[in-house]
Amino acid sequence: MKTYPQFGELLARNMLRTCGLIPDLERAAHFRELGTLLIDLGRLYLAEADVLATVEQPPD
């Protein structure tokens, strides 16, 4: 199965940017970026699931 380690750092960085005493508009922008990253990661994993579901299993 493929993994996407680059998303870990991006997600952590963006999650941290949603915390703290920052203006609402800036926080909203970080939430939007974080949401986009999560959607992209979800799409990658769904695509990988589709690939794995079509792989023929070896006979028992």
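Please refer to the structure higher up on the page.
Residues numbered from 1 in each chain as written. Predicted model: local features only at pLDDT ≥ 70, side-chain atom pairs only at ≥ 80, totals over all residues. Heavy atoms only, no water.

S.K.: Looking at this model, I keep getting lost on the packing of helix α1 (residues 5–17) against helix α2 (residues 24–54). Mind explaining?
M.R.: Helix-helix packing is characterised by the crossing angle of the two axes and by the distance between the axes. At their nearest, the axes of α1 and α2 sit 9 Å apart, and the two run at 155 degrees to each other. Considered as vectors, α1 and α2 are oriented roughly antiparallel to each other. α1 and α2 meet at a crossing whose hand is left-handed. Together, Phe7, Leu10, Leu11, Asn14, Met15 and Arg17 of α1 and His30, Glu33, Leu34, Leu37, Leu38, Asp40, Leu41 and Leu44 of α2 make up the contact between the two elements. (Axes fitted to C-alpha atoms, helices over the stretch in contact; angles between N-to-C directions. Helix = DSSP H or I, 4+ residues; strand = E, 2+ residues; numbered from the N terminus. Parallel < 35°, antiparallel > 145°, perpendicular 65-115°, else oblique. Left-handed = near helix turned anticlockwise from the far one by under 90°. Contact = heavy atoms within 4.5 Å.)

S.K.: Is there a simple way to think about a nonpolar patch on the surface in this case?
M.R.: A cluster of nonpolar side chains, Val51, Leu52 and Val55, forms an exposed patch at the surface whose accessible area comes to about 240 Å². Looking at the secondary structure, you find Val55 in the segment after α2. Exposure remark for Val55: the relative accessible area of 45% places this residue in the partly exposed category. (Patch = residues over 30% accessible without salt bridge, like charges linked within 9 Å, V, L, I, M, F, W, Y side chains within 5 Å. Areas by Shrake-Rupley, 256 points an atom, 1.4 Å probe, with all protein chains shown as cover. Salt bridge = Lys/Arg side-chain N within 4 Å of Asp/Glu carboxyl O. Buried < 20%, exposed > 50% of the residue type's maximum accessible area, 1.4 Å probe, protein only.)

S.K.: Help me understand the environment of Ala28, please; the structure alone is not making it clear to me.
M.R.: Structurally, Ala28 is set in helix α2. The class of Ala28 is partly exposed, set by a relative accessible area of 37%.

S.K.: Please explain α2 as it appears in this structure.
M.R.: Think of an α-helix as turning once every 3.6 residues; residues three or four places apart then point the same way. Taking 1.5 Å per residue, 31 residues should reach 45 Å; α2 reaches 45 Å between its end C-alpha atoms and fits that length. Considered for burial, the residues of α2 that qualify are His30, Leu34, Leu37, Leu41 and Glu48. Of the surrounding elements, those touching the buried residues of α2 are α1. (Expected span 1.5 Å × (residues − 1).)

S.K.: Can you walk me through the nonpolar core in this structure?
M.R.: Here is a general trend for soluble globular proteins: nonpolar side chains tend to be buried in one another's company. Counting five residues, the largest nonpolar core is built from Phe7, Leu11, Leu34, Leu37 and Leu41. Elements represented by at least two residues in this core include exactly α1 and α2. For this core, the leading source of residues is α2, giving three residues. Setting aside residues no more than four positions away along its own chain, Leu11 makes contact with Leu34, Leu37, Leu38 and Leu41. (Core = buried A, V, L, I, M, F, W, Y, C linked by side-chain atoms within 4.5 Å.)

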